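# Chain and residue survey
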Amino acid sequence: MTQTADRILNNPFLNKGTAFTKAERQQLGLTGTLPSAVQNIEEQTTQAYGQFQSKATRLEKRIFLMNLFNENRTLFYHLMDQHVVEFMPIVYDPVVADSIEQYNQLFLDPQNAAFVSVDAPEDVEATLKNAAEGRDIRLVVVTDAEGILGMGDWGVNGVDIAVGKLMVYTAAAGIDPSQVLPVSIDAGTNNQKLLDDPMYLGNRHKRVYGDQYYDVIDKFVVAEQKLFPESLLHWEDFGRSNAQVILDKYKDKIATFNDDIQGTGMVVLAGILGALNISKESIKDQKILSFGAGTAGMGIANQIMDELMQAGLTEAEAKQHFYAVDKQGLLFDDTEDLTPAQKAFTRSRSEFSNADELTNLAAVVKAVHPTVMIGTSTQPGTFTESIIKEMAAHTDRPIIFPLSNPTKLAEAKAEDLIKWTDGRALIATGIPADDVEYKGVTYQIGQGNNALMYPGLGFGLIAATAKVLNSETLSAACHALGGIVDTSKPGAAVLPPVAKITEFSQTLAEVVAQSVLDQKLNKEPIASAKQAVADMKWVPEYK
Ligand SMILES: NC(=O)c1ccc[n+]([C@@H]2O[C@H](COP(=O)([O-])OP(=O)(O)OC[C@H]3O[C@@H](n4cnc5c(N)ncnc54)[C@H](O)[C@@H]3O)[C@@H](O)[C@H]2O)c1
Ligand SMILES: O=C(O)C[C@H](O)C(=O)O
Ligand SMILES: [Mn+2]
């Protein structure tokens, strides 16, 4: 193979495989390097889908799709466009979790990611530059993998979540896949299994914290902004002690967001607004219990808090609607080891006659009678039948969102929640859930996953060349998504279905871009938000 042929056929952004025409083959020095037939993208797609279907397990299906992704991005996204509901759980949550756990065993290809090492701060800029290979990067998803979903620390293996999030961005919103960059910050790992594994591919030492860590994060942000000044920076699956600190440091300076804090907060508020559309209740009448008061749990509480204050409540009044429960039980002002984020949502012991007994979820539910219960605890099965029945005995339409991922960590299953509440629960789950048939009604279950939100949010920010993301824009996006649900049918879902993800991501992107323009937060002059979104949309067709 000539160097040119090799360069083109092995470049997933340029490769068309058997779809190169005779003329292109001649022009590019590819003559004779492919079988003679020239296929169009539909034929290639049909063929690839047949191969996909022949794979027996979900992991084999994933490996097949990742190989296709590594070879030919256009064909991969053309195929995904036709099968988005089927492919989402395979390229993203939950099967991405299996591939992270088996990263070295399955290692195929670095997938055009940048691997930043805490041990080589002097290489940060070169690392990003090498990985981008001169591409015009507009979107970076970065993880240090200390808190991969609810599975804890996965070191360099966690790069797959950055790749997976970016796949959803392109499939849902249409960001050009040659304009994205997944980044792994390899700060070491505290996962002993990985440290003991001779095949582990990351830095083989304990996780680095403190100044040395923050120094690398800062070098990364500086280099990222210098090399890709038009880009949006998305933080994913950082640990509880770092996620909020990093966000607070950069959120007023650059276009950036933390998906677990803000993306999750937004999708949950949208889900609650959707649920309240169905129950015809007001958000001002809700008592909200967050079970698992970590990165996501407190991000959700803050987003709902904003909503209550917009509805006219003072901060002190709004705070009265929240009950945060973590390992210690209900969080009080004097609870030990509170995180900075938790401190804003504590209660006073004097409010309860049995405060000292409120050390577990069952006791708190009994004392508080929440109307909304959100699970981000990483503790499977903790929304038990007796807890749910106790909650449902005191509210007509309990809003229950077991959100811990992946599947094995969910606080409850949708079908159990429907059964235990005799069909009254309004539910969203972190991973996709099948419809539930119960007493003649088909209940559709919304996917309460930030994947419904971040593609439209990010795309809108990039299209509008946003300088920063502020609470006004976050709120506009929540209302746009929460307003889409169709409440006419019994058993309606609280969030729109993943089958419509490309449509509502476009709506979200337009709303977000408009909010940026309304606040004059755009870097470049832009006449129309809608047009800017349309102009940026990439379609998976050969050029
Ligand atoms: N569906 C979504 O879109 C979405 C988004 C973000 C996070 N999540 C899920 O939420 C979970 C938490 O993620 P995170 O980023 O907030 O992690 P985190 O580590 O920051 O927070 C988890 C919290 O749960 C607490 N916890 C642990 N054991 C507990 C127990 N027995 N009782 C009560 N609390 C307990 C921890 O102390 C911590 O505060 C994960 O499973 C993640 O997959 C889902
Ligand atoms: O990755 C997901 O599926 C959602 C979320 O960001 C999580 O950490 O669980
Ligand atoms: Mn996450």
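Cut-offs applied
Residues numbered from 1 in each chain as written. Chains lettered and ligands numbered in written order. Predicted model: local features only at pLDDT ≥ 70, side-chain atom pairs only at ≥ 80, totals over all residues. Heavy atoms only, no water. Helix = DSSP H or I, 4+ residues; strand = E, 2+ residues; numbered from the N terminus. Rg over C-alpha atoms; globule rule 2.2 N^0.38 Å. Buried < 20%, exposed > 50% of the residue type's maximum accessible area, 1.4 Å probe, protein only. Contact = heavy atoms within 4.5 Å. Areas by Shrake-Rupley, 256 points an atom, 1.4 Å probe, with all protein chains shown as cover. UniProt positions renumbered as here; feature names shortened; annotations may be inferred. Pairing = 2+ DSSP bridges. Near = heavy atom within 4 Å. Polar contact = N/O pair within 3.5 Å; in protein donor to acceptor, adjacent residues only side chain to side chain. Nonpolar A, V, L, I, M, F, W, Y, C, P; charged D, E, K, R; others polar. 1 Å grid on protein atoms, 1.4 Å probe; cavity = no way out; pocket = protein on both sides within 12 Å on 5 of 7 lines; lining within 4 Å. Points joined across faces, edges and corners; volume = space filled by probe spheres on them. Axes fitted to C-alpha atoms, helices over the stretch in contact; angles between N-to-C directions. Core = buried A, V, L, I, M, F, W, Y, C linked by side-chain atoms within 4.5 Å.

Another aspect to go through is the overall build of the protein. The helix and strand tally for the protein stands at 24 helices and 14 strands. The C-alpha atoms of the protein give a radius of gyration of 24 Å, which matches the 24 Å a tight globule of 543 residues would have. Taken along the three principal axes of its C-alpha coordinates, the protein extends 80 × 55 × 50 Å. Relative to its 543 residues, the protein shows a buried fraction of 60%. A separation threshold of at least 6 residues defines the contact pool for the protein, and within that pool the share at least 24 residues apart is 71%. Summed over its atoms, the accessible surface of the protein is roughly 21,700 Å², and 50% of this surface lies on carbon and sulfur atoms.

Attention shifts here to the UniProt feature "domain: Malic enzyme NAD-binding" (unreviewed entry) in the protein. Annotation from UniProt places "domain: Malic enzyme NAD-binding" (unreviewed entry) at residues 261-517. Helix makes up 41% of residues 261-517 and strand 12%, and the two end C-alpha atoms of the span are 24 Å apart.

In this section: the sheet that holds strand S9 (residues 372-375). Sheet strands pair via backbone hydrogen bonds, and the direction of the pair is either parallel or antiparallel. Strands sit in the order S8-S7-S6-S9-S10-S11-S14 across an open sheet of seven strands; the sheet is mixed. Among the strands making up the open sheet, the edge pair consists of strand S8 (329-330) and strand S14 (446-447). One ladder, built from four bridges, connects strand S6 (residues 288-291) with strand S7 (residues 322-326); its direction is parallel. Looking across to S7, one finds that serine 290 is bridged to alanine 324.

Around ligand 2, the neighbouring residues are Tyr92, Asp93, Leu149, Ile161, Lys165, Glu236, Asp237, Asp259, Asp260, Asn405, Asn449 and Asn450. One of the side-chain N or O atoms of aspartate 260 is found 3.1 Å from an oxygen atom in ligand 2. Residue asparagine 450 places a side-chain N or O atom 2.9 Å away from an oxygen atom belonging to ligand 2. Here ligand 2 loses 90% of its free accessible area of 260 Å² to cover by the protein chains. When grouped by side-chain class, the residues that make up the shell around ligand 2 number three nonpolar, three polar and six charged.

The next point concerns the side chain of asparagine 405. For asparagine 405, the position within the fold is in the loop between strand S10 (399-402) and helix H20 (414-420). Residue class for asparagine 405 comes out buried when judged on its relative accessible area of 14%. Reaching out from asparagine 405, the side chain makes a polar contact with the side chain of aspartate 93 at a distance of 3.1 Å.

Every one of the 24 residues lining ligand 1 counts as a neighbour, but Arg240, Thr295, Ala296, Asp326 and Gly448 are closest to it. Between ligand 1 and leucine 403 there is a distance of 3.4 Å, counted from a nitrogen atom to a backbone nitrogen or oxygen. Residue asparagine 450 places a main-chain N or O atom 2.9 Å away from an oxygen atom belonging to ligand 1. Taken by itself ligand 1 offers 840 Å² of open surface, and the protein chains cover 87% of this.

The next point concerns empty space enclosed by the protein. Enumeration according to the criterion identifies three cavities of 30 Å³ or more in this entry. In this structure, the largest cavity spans a volume of roughly 140 Å³. Mapped onto the lining of the largest cavity, the elements with two or more residues apiece are helix H4 (58-71) and helix H8 (103-106). In terms of residue count, H4 provides more of the lining of the largest cavity than any other element does, three residues in total. Taken together, the residues of the lining of the largest cavity break down into six nonpolar, two polar and three charged. Within this model, the second largest cavity holds a volume of roughly 90 Å³. Where the lining of the second largest cavity is concerned, the elements lending two or more residues are helix H5 (73-82), helix H10 (159-173) and strand S3 (180-186).

Our focus in this paragraph is the sheet that holds strand S4 (residues 232-236). Read from one edge of the open sheet, five strands run S1-S3-S2-S4-S5, paired in parallel fashion. In this open sheet, the two edge strands, each paired with only one partner strand, are strand S1 (114-117) and strand S5 (256-258). Sheet twist, expressed as the average angle between the axes of neighbouring strands with direction ignored, equals 20°. Where S1 lies against S3, four bridges are found, and the strand directions are parallel.

Let us now look at the nonpolar core. By size, the foremost hydrophobic cluster in this structure holds 106 residues, and its most contacted members are Leu65, Phe76, Met88, Ile272, Phe401 and Leu481. The biggest single contributor to this core is helix H14 (residues 259-279), with ten residues. If we ignore the near neighbours within four places in the chain, the residues touching leucine 65 are Phe52, Phe76, Leu79, Phe87, Ile90 and Val91.

Next up on the list: the pairing of S4. Walk down a regular strand and you will see the side chains alternate between the two sheet faces. The element S4 is extensively covered by neighbouring structure, given that five of its five residues are classed as buried. Residues Leu232, His234 and Glu236 point to one face of S4 and Leu233 and Trp235 to the other, with burial holding for every one of them. Across three bridges, S4 lies against S5 in parallel orientation. Note on S5: the bridge partner recorded for histidine 234 is phenylalanine 257.

A separate point is helix H21 (residues 454-463). Counting buried residues in H21 gives ten out of ten residues, a clear majority hidden from the surface. Among the residues making up H21, those that are buried are Tyr454, Pro455, Gly456, Leu457, Gly458, Phe459, Gly460, Leu461, Ile462 and Ala463. Backbone geometry just after H21 places threonine 465 at a positive phi near 50°.

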